[in-house]
Amino acid sequence: MTVPAPTPAASPLPPILLVGCGKMGGAMLEGWLERGVRQAVVVEPQPASVAPFSDRVTVCAGVESIPAGFAPAVVVLATKPQQAEAALPACAAFARAGALFVSIMAGKTVAGMTALLGGEARVVRAMPNTPAAVRQGFTAAFAGPGVTEEQRALADTLLAAIGEVAWLEEEALIDPVTAVSGGGPAYVFLLAEVLEKAAIEQGLPPELARRMARRTVSGSGALLAASPLDAAQLRVNVTSPKGTTERALNVLMAPEAWPKLMSEAIAAATARSRELAG
Ligand SMILES: NC(=O)C1=CN([C@@H]2O[C@H](COP(=O)(O)OP(=O)(O)OC[C@H]3O[C@@H](n4cnc5c(N)ncnc54)[C@H](OP(=O)(O)O)[C@@H]3O)[C@@H](O)[C@H]2O)C=CC1
Ligand SMILES: O=C(O)[C@@H]1CCC=N1
């Protein structure tokens, strides 16, 4: 019998400055801390948002209180897009020092961010999603002008630590990515919500309805992740001919129902991502 070689422990992630530790910044930070990070400094004005991390990272209310001498390899920009104009100019010194910037802000273009950072910044524009908190995220990323192969590899290491990564060759594609995978978890959680509500309407006790809906969504996600089959085949595998699921899918897959609604929803979100550039 051969004994498998132990998996080598991944080396800790490089020093990170996180600017904005709200819902998405916090989800990424959770994933990075679980993976192991050499040093993390977080700039976040809301004490409640950073409270879960305060014993593991250095917390600052503003860029001006970052400890002198802290030299991040990567600055992650995770404020709301509408806060970029106020937040980015304060980070220009890190751009001059050669730090790589990774922005996750919806809509904000590389050119717009580079200008706000003093014109010298090297920027990767990325779009992650909240399953990053459990290292099950999906991030698509675009490397802006001047980003070196080494910096791109650094960004890849950081993003791969919280899930799967895909690199885009065209910046404009990040708008539909934002609509599909950036916001995607919300649509899946909505499914859990409406499934629970429908279960209660059919007479199931609320606590049982909640458990069923959560486990059905999370278990289906786990099956999808583990299976080599397409989503469509996994759906067919549930649908017995002339059975109960077929009746439900006749409603959900009707011409004006889910397929059309999802197309409209994704088009609306893509358009909003383009608007946020301004
Ligand atoms: N939520 C998601 O699922 C995803 C979000 N994104 C992107 O991530 C970004 C953050 O989104 P989300 O986490 O949901 O938003 P949040 O509002 O939860 O987080 C942003 C945080 O940044 C803080 N902040 C404001 N100004 C500054 C500043 N100058 N320096 C440091 N921190 C500051 C905000 O504080 P205050 O509340 O006081 O303003 C807030 O706590 C957005 O640009 C969004 O487009 C991308 C992918 C998925
Ligand atoms: O709703 C938003 O604008 C952000 C971007 C993707 C998910 N949340």
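Remember, it's a predicted structure, so these values are computed and weren't measured experimentally. Numbering of residues starts from 1 in each chain and follows the order in which that chain's sequence is written. Working convention: letters from A go to chains and numbers from 1 go to ligands, in the order in which they are written. Note on the predicted model: pLDDT of at least 70 is required for a residue's local features to be given, and 80 or more for side-chain atom pairs to be given and counted; whole-chain, interface and lining totals, by contrast, use all residues.

A. Molecular detail of the domain arrangement of the protein chain. Domain parsing of the protein chain yields domain 1 (16–173) and domain 2 (184–275). Each domain span listed reflects an automatic or database assignment of domains. The distance between the C-alpha centroids of domain 1 and domain 2 comes to 32 Å. Each residue is represented by a C-beta atom placed from its backbone, and any two residues with such atoms within 7 Å are regarded as in contact. Counting residues at the interface gives five residues for domain 1 and five residues for domain 2. Side-chain classes are defined by residue name, with Ala, Val, Leu, Ile, Met, Phe, Trp, Tyr, Cys and Pro counting as nonpolar, Asp, Glu, Lys and Arg as charged, and the others, Gly among them, as polar. Residue composition of the side of domain 1 that touches domain 2, grouped by class: two nonpolar, three polar and no charged.

B. Summary view of the UniProt feature "domain: Pyrroline-5-carboxylate reductase catalytic N-terminal" (unreviewed entry) in the protein chain. UniProt positions are given in the numbering used here, feature names are shortened, and annotations may be inferred rather than shown by experiment. As annotated in UniProt, the feature "domain: Pyrroline-5-carboxylate reductase catalytic N-terminal" (unreviewed entry) corresponds to residues 17–107 in the numbering used here. In this description a helix means any DSSP run of H or I spanning at least four residues, a strand means any run of E spanning at least two, and both kinds are numbered starting from the N terminus. The span residues 17–107 carries 29% helix and 20% strand; its end-to-end C-alpha distance comes to 21 Å.

C. Structural view of the nonpolar core. Joining buried Ala, Val, Leu, Ile, Met, Phe, Trp, Tyr and Cys residues through C-beta atoms within 7 Å gives a set, and that set is a nonpolar core. Every C-beta atom is placed from the backbone, and the number of other C-beta atoms within 10 Å of a residue's own sets its class: buried at 20 or more, exposed at 12 or fewer, partly exposed in between. Grouped together as the largest cluster of nonpolar side chains are 58 residues, with contacts concentrated most on Leu18, Val42, Val75, Val76, Phe101 and Val124. Sorting elements by how many residues they give to this core places helix α1 (residues 23–35) first, with five residues. If sequence neighbours within four positions are ignored, valine 76 has contacts with Ile16, Leu18, Val19, Met28, Val102 and Ile104.

D. Structural view of the site of ligand 2. By definition, a residue lies near a molecule or strand provided its backbone-derived C-beta atom is within 6 Å of it. Close contacts around ligand 2 come from Ala106, Thr178, Gly182 and Gly183, and that covers them all. Its residues assigned to classes, the shell around ligand 2 shows one nonpolar, three polar and no charged.

E. Here's a closer look at the site of ligand 1. Surrounding ligand 1, one finds 26 residues, the nearest of these being Gly20, Gly22, Ala87, Met105 and Ala106. Broken down by secondary-structure element, the contributors of at least two residues to the shell around ligand 1 are α1 and α3 (84–87). At three residues, the largest contribution of residues to the shell around ligand 1 is made by α1.

F. Up close: unusual backbone geometry. Non-glycine residue arginine 135 carries a positive phi angle of around 60°. Take arginine 135: it is sitting in the loop between β6 (122–127) and β7 (137–143). On the neighbour-count criterion, arginine 135 (16 C-beta atoms within 10 Å) is partly exposed.

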